[in-house]
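What follows is each chain in one-letter form.
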Amino acid sequence: MSEFVSRHNGSNAQDVQAMLNKIDAPSLDALIAQTVPAAIRLQQPLHLADGMSEHELLTHLRGIAAKNQLYKSYIGLGYYGTVLPAVIQRNVLENPGWYTAYTPYQAEIAQGRLEALLNFQTMVTDLTGMDIANASLLDEATAAAEAMTMLHGLRSRDDVAAGKNSFFVSHECFPQTIELLKTRARPLGIELVIGDFKTVTLNDQLYGALLQYPTADGSVHDYADFVARAKANNMTIAVAADILSLVLLTPPGEWGADVVFGSAQRFGVPMGYGGPHAAFFACRDAHKRSMPGRIIGVSLDADGNPALRMALQTREQHIRREKATSNICTAQALLAIMASMYAVYHGAQGLRAIARRVHQRTAALAAALQGLGYSVAQGVFFDTIKLLHTDNVKVHALAAAARINFRYAADGVGIALDETTSLADLNAILALFAAKAGKPAPRLSAEQVAAQPLRFRERQSAILTHPVFNAYHTETEMMRYIKRLENKDLSLTHSMISLGSCTMKLNAASEMLALTWPEFADLHPLVPQEQAAGYAELIEGLNAALCEITGFAQMSFQPNSGASGEYAGLLVIQAYHRSRGEAQRNVVLIPSSAHGTNPASAAMCGMDIVVVKCDARGNIDVDDLRAKAEQYRDTLSCLMVTYPSTHGVYEESIKDITAIIHACGGQVYMDGANMNAQVGLTNPATIGADVCHLNLHKTFAIPHGGGGPGAGPIGVAAHLAPFLPAHPLVKVGGAQGIHAVSAAPYGSALILLISYAYIKMMGGRGLTEATKMAILNANYIKESLKDHYATLYSGANGRCAHEMILDCREWKKAGVEVADIAKRLMDFGFHAPTTSFPVVDTLMVEPTESESKAELDRFCEAMIAIRGEIEQVITGQVDKQDNVLKHAPHTAQRVCANAWSRPYTREQAAYPLPWVRDNKFWPAVARVDNVYGDKHLVCTCPPVASYA
Amino acid sequence: MSNPTDLKYTASHEWVKLETDGSVTVGITQHAQELLGDMVFVEAPEVGRKMQAGEECAVVESVKAAADVYAPIAGEVTAANGQLGDAPEQINSDPYGAWIFKMKPDNSADLGKLMDAAAYQAHVDSEAH
């Protein structure tokens, strides 16, 4: 095995032996045999080459990078060149302190990224002119679909009763946006009316409308008349807006929009051949409870200090299940943070200067092209124009020779500029079109460009007035601001994050290095495919490896998250049934132990959900499953199942379960959240699944980014491959592919590099070894804690899979909640395991293969110490409320205060075990008051006075 | 806190009080508020809405859960408790005082189909197992 395997896996041979001794297993292979049912074990090792060293990988990747051709791209359509400030690149994007953090559910140790995300919301609220914004969605096109469904949900009861079910979409929207709307409208029975906003007849079936601002071709329309007509027709309005243009244009919030969304990509986030980027989404205050996605809110901590947290979580799918407003969970936190930092660094003045420069260059270019006799379609534009009646073949030939990409439309050539477009670039474009016209090339001067007036009335409302956007404009100040926030957050740079079902494994530096290489980072997703040969090789290589790992025939990399993968997988199953004349198959069976996203995704597909019971051991109740499968034999679409189960067990009956479903004409969707317990030992095809998603951000080493990006590609068996998602602009997917599920053809292509690098360096044997180590580590924790915490479910031989559920329910009677344990762990420097999922009042612990025995021991010592503190509450030795658990976590401010009236020592509060002194992590705030925050919702940066 | 004996109850944990004018008042039970925890938001049905028994008509939200409130019997909404908008915590402190909406039953005999306090308690106990 490659040297990298020993860098990735946490323990050496000696430690492995010690752990095996502890759990009383004769060998690692014997443990696996006791844990994974023989019936589902792979008969052959993974047919993947042995791993490369880190150095070999980088050489290999340089070879791939060289196959991507970097032309100047003026394609636009939602993707633009941008300058990522180096201070943000180095201190955020390339900094594991930011990218290895988890979603900020444990708010006390996440105040840094919560502040950065609150800045994002404030920025979006300002720029859109709306009341409230969320902390990002997956991409602009899915945000459009979220807007359409949110407005659908906001229809009055009368409108619902009257069957108001049509949604108008301006044909000037981005084509990939329109495509996504088609995908998402169909299962919900929403009728799309795609047309010209100027001429459309607004009938009484229309509930809402979507406009693009500026349009795909670049026009900045005055929508006032349309909005007035639509409002008179009792419609709601969604607007897709370009974030940089909003710096100068009158924002949609000031002309009647109910929802404004778009992509924040061009605020310093590389195009990356399609993603990941953060979409923004803002709405009116009255509709905040219907807004999809994560929202950061301001609350107070136990000491009365301001503290941030995720607000209104009850809207989310993990609580609302099939009634959730959306299935979105993973957002694009890291990218939203980068975009917010871009705004913090530039401030209002800086952004205005950038936007003005881009616009003036566009204006100068348009004027010069008109001077050459070209016809510009746009009267009013921001940064994009279209030349009408050009000879596209001729332009294309000249552009190819000059290594320039334009957008070629049926009626002309589109040119979209961005902040990277220089004066020299403008003159190169002009030279090209002059040559085509057979005229001498004009040369624009900097003065000519700067003299261009704005081609529209500049917005009058102020933006980014909050001090945070006006204080950090030097690199020194910016570097320190980023570091100050980073220091408030616990990430994998501090300690193990044992979140069950989340697989917080190592995100190796060598896997991340190529992300900022220009050949990968700066490629527009719609460049001609011959310019992306390196990406094609990378994607095909990853496809082949993941097919080998899953046992499937083909992958689609389009879904940008696990939830998006679920949605895509279910649509593929629906398309398959339809193709066989069985469109009536629409019942989905979902075990009661399933993650809430499963029913939420099924509901979005318009499926009928039937819940299957679990037995006392946490396994699917096979009798109940059989009865329901047979009851719905004629209408059964599929089963959604997680394997190993969400209870951390390899269910022995899985093959029976999948056989029952197939016998009743159904398909099996496997939720790949727990794939880290399968790789190399078993696979989805072997257990009988037909389709699964893989959370590349769990099993395949993409970092969690503090709440995204994710990547949720789906793999399918051969009979489903024809239905894999297509794309309107790039040929991908199956011959009868479903409509696109993401804006970009390959989803977040850039981060596929990470998983590719991980698999290349681990090799088949290393990947299998990692799975075994993950199982060993989990069983070691289970054994180490067994006298202190009961594990709720185990397999037939008393072993858990790669994670286990620790039962904390009994202590509730004594007043000790699972949240108390979670918060107390912070005092020891640990992030809590998953709390209350899938069983309320329990902890689900997943150590992953990357943690060392020493780290596991420290975690167990902390857990055991906390168990002792719980015992003191139970026996009445300490007060039920005034104790070290209830007051956890303890801030430095509190522990260092002159006054100390607690019935325990400061030392017990802050240094409960000797080794805590070596690496003390201080929570930035005391326990956050969730109730206060949800009752007094504030989702923008509060005035500074409130911090006083 | 025991469940008042002058009220009727549903399996979905609403309490129902028959007023002297023939209208009924609806809220959620002590047991329900205990399960949900600290309330942060209440969405009451609009006045004038006609509902079937068992129809989802209101939402109560705590920090950890959101639950639908169902129409206990068929009828028309005649009033909604506006005070809960600013003070949803009243449901926690006084569940049998903090009513959510009032309705005019289509048929007051429908009340007979609901549980009395003892039957409801038995229902709660059975759900605990």
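What you see is a predicted model, and the numbers here were worked out from it, not measured in a lab. (Residues numbered from 1 in each chain as written. Chains lettered and ligands numbered in written order. Predicted model: local features only at pLDDT ≥ 70, side-chain atom pairs only at ≥ 80, totals over all residues.)

**Looking at the overall build of chain A**
Reasoning step 1: The number of helices and strands found in chain A is 31 helices and 25 strands.
Reasoning step 2: At 28 Å, chain A has a C-alpha radius of gyration in line with the 30 Å of a compact globule built from 948 residues.
Reasoning step 3: Dimensions of chain A, computed from C-alpha atoms along their principal axes, come out at roughly 85 × 70 × 65 Å.
Reasoning step 4: Residue pairs at least 24 apart in sequence account for 79% of intrachain contacts in chain A once pairs closer than 6 positions are excluded. (Helix = DSSP H or I, 4+ residues; strand = E, 2+ residues; numbered from the N terminus. Rg over C-alpha atoms; globule rule 2.2 N^0.38 Å. Contact = placed C-beta atoms within 7 Å.)

**Observations concerning the overall build of chain B**
Reasoning step 1: For chain B, the helix and strand inventory stands at four helices and nine strands.
Reasoning step 2: Seen in sequence order, chain B has helices and strands lined up from the N terminus as β-β-β-α-β-β-β-β-β-α-α-β-α.
Reasoning step 3: Taken against the 2.2 N^0.38 rule, which gives 14 Å for 129 residues, the C-alpha radius of gyration of chain B at 14 Å falls within 12% of a compact globule.
Reasoning step 4: Expressed as a percentage of the 129 residues in chain B, the buried residues total 40%.
Reasoning step 5: Considering only intrachain contacts with a sequence separation of at least 6, the fraction spanning at least 24 residues in chain B is 63%. (Buried ≥ 20, exposed ≤ 12 C-beta atoms within 10 Å, placed from the backbone.)

**So, the interface of chain A and chain B**
Many descriptions give the size of an interface as the accessible area lost when the pieces come together.
Reasoning step 1: The interface is formed by eight residues belonging to chain A together with seven residues belonging to chain B.
Reasoning step 2: When contributions to the side of chain A that touches chain B are tallied by element, the ones reaching two or more residues are α12 (317-320) and α31 (930-935) of chain A.
Reasoning step 3: Taken together, the residues of the side of chain A that touches chain B sort by class into two nonpolar, two polar and four charged. (Nonpolar A, V, L, I, M, F, W, Y, C, P; charged D, E, K, R; others polar.)

**Some thoughts on the pairing of strand β4 (residues 191-195) of chain A**
Reasoning step 1: Inspection of the sheet shows strand β3 (residues 166-170) of chain A paired to β4 of chain A by five bridges, in the parallel sense. Of the residues in β4 of chain A, the one forming a bridge with S166 of chain A is E191 of chain A. (Pairing = 2+ DSSP bridges.)

**Structural notes on the sheet that holds strand β1 (residues 8-9) of chain B**
All names here are of chain B.
Reasoning step 1: The antiparallel open sheet is built from six strands, whose spatial order is β1-β2-β3-β9-β8-β5. Of all the strands in the sheet, just β1 and β5 (50-51) have a single pairing partner and so form its edges.
Reasoning step 2: Of the pairings in the sheet, the one linking strand β2 (residues 14-18) to strand β3 (residues 24-28) comprises five bridges and is antiparallel in character. Paired with V16 across the strands is V26, a residue of β3.

**Section: unusual backbone geometry**
Residues and elements named next belong to chain A.
Reasoning step 1: Following Y213, the chain continues to P214 via a peptide bond in cis, the omega torsion being -15 degrees.
Reasoning step 2: Of note, the phi angle at S136 is positive, near 105 degrees, even though the residue is not glycine.
Reasoning step 3: For S136, the position within the fold is in the loop between β2 (132-133) and α8 (140-153).
Reasoning step 4: When the 33 C-beta atoms within 10 Å are taken as the criterion, S136 is described as buried.

**Comments concerning the nonpolar core**
Reasoning step 1: In this structure, A144, M148, A336, I337, M338, A339 and V572 of chain A are the most contacted members of the largest nonpolar core, which totals 320 residues.
Reasoning step 2: Considering each element in turn, this core owes the most residues, 22 residues, to helix α13 (residues 333-371) of chain A.
Reasoning step 3: Counting residues in hydrophobic clusters, the runner-up holds 31 residues, among them Y9, V24, V42 and F101 of chain B. (Core = buried A, V, L, I, M, F, W, Y, C linked by C-beta atoms within 7 Å.)

**Points about helix α22 (residues 597-604) of chain A**
Reasoning step 1: The element α22 of chain A is largely enclosed, with a buried count of eight among its eight residues.
Reasoning step 2: Note on α22 of chain A: the residue one or two positions beyond its end, G606 of chain A, has a positive phi of about 70 degrees.

**Notes on the packing of helix α4 (residues 54-65) of chain A against helix α26 (residues 749-784) of chain A**
Residue and element names in this part refer to chain A.
Reasoning step 1: The contact between α4 and α26 brings their axes to 10 Å, and the two run at 135 degrees. What the angle tells us is that α4 and α26 run oblique. Here α4 runs over α26; the crossing is right-handed. Listed contacts from α26 to E54, L57, H60 and L61 of α4 are A757, K760 and M761.
Reasoning step 2: Here the contact of α4 with α26 is built from residues that sort into four nonpolar, one polar and two charged. (Axes fitted to C-alpha atoms, helices over the stretch in contact; angles between N-to-C directions. Parallel < 35°, antiparallel > 145°, perpendicular 65-115°, else oblique. Left-handed = near helix turned anticlockwise from the far one by under 90°.)

**Description of the sheet that holds strand β23 (residues 804-807) of chain A**
Each strand in a sheet pairs with its neighbour through backbone hydrogen bonds, running either in the same direction (parallel) or in the opposite one (antiparallel).
Residues and elements named next belong to chain A.
Reasoning step 1: In spatial order, the strands read β23-β25-β24; together these three strands make up an open sheet with antiparallel pairing. Both outer strands of the open sheet, β23 and β24 (834-835), are each paired with one neighbouring strand and no more.
Reasoning step 2: In the sheet, β24 pairs with strand β25 (residues 842-845) via two bridges, with the strands oriented antiparallel. Within β25, the residue paired with T835 across the bridge is L843.

**Quick look at the packing of helix α5 (residues 86-93) of chain A against helix α17 (residues 475-486) of chain A**
Residues and elements named next belong to chain A.
Reasoning step 1: Put simply, α5 and α17 touch, their axes get as near as 10 Å, and they point 20 degrees apart. Judged by the inter-axis angle, α5 sits roughly parallel to α17. As for the relative orientation of α5 and α17, their crossing is right-handed in sense. In this structure, α5 uses V87, N91 and V92 to contact α17, whose residues at the interface are E475, M478, M479, I482 and K483.
Reasoning step 2: Its residues placed into classes, the contact of α5 with α17 shows five nonpolar, one polar and two charged.

**Focus on the confidence of the model for chain B**
One rule of thumb: low pLDDT means the predicted coordinates there are not for detailed reading.
Reasoning step 1: Across chain B, the average pLDDT comes to 92, with 98% of residues at or above 70.
Reasoning step 2: Here the predicted complex scores 0.96 on pTM and 0.85 on ipTM. (pLDDT = per-residue confidence, 0-100.)

**Focus on the environment of M607 of chain A**
All names here are of chain A.
Reasoning step 1: Within the secondary structure, M607 sits in the loop between α22 and β18 (608-612).
Reasoning step 2: On the basis of neighbour counts, which here come to 23 C-beta atoms within 10 Å, the residue M607 falls in the buried class.
Reasoning step 3: As a C-alpha pair, M607 and P187 span 420 residues in sequence and 8.2 Å in three-dimensional space.

**Details of the pairing of strand β9 (residues 295-300) of chain A**
Residues and elements named next belong to chain A.
Reasoning step 1: Within β9, five of the six residues are buried, which leaves the element mostly enclosed by the surrounding structure.
Reasoning step 2: The pairing of β9 with strand β10 (residues 306-311) spans six bridges and is classified as antiparallel. Residue pairing across strands places L300 opposite P306, the latter belonging to β10.
Reasoning step 3: Taking the residues between adjacent antiparallel strands as the criterion, β9 and β10 are bridged by five residues, where G304 takes a positive phi near 85 degrees.

**Considering the environment of R266 of chain A**
Residue and element names in this part refer to chain A.
Reasoning step 1: Tracing the chain through its elements places R266 in the loop between β7 (259-263) and β8 (279-283).
Reasoning step 2: Separated by 398 residues in the primary sequence, R266 and C664 have C-alpha atoms spaced 50 Å apart.
Reasoning step 3: Not counting the four nearest positions on each side in its chain, R266 is found in contact with Y80, T82, I243, L244 and D418.

**Observations concerning the environment of H595 of chain A**
Reasoning step 1: Here H595 of chain A lies in the loop between β17 (587-591) and α22.
Reasoning step 2: Those residues in contact with H595 of chain A, other than ones at most four positions away along the chain, are T642, T646, D671 and A673 of chain A.

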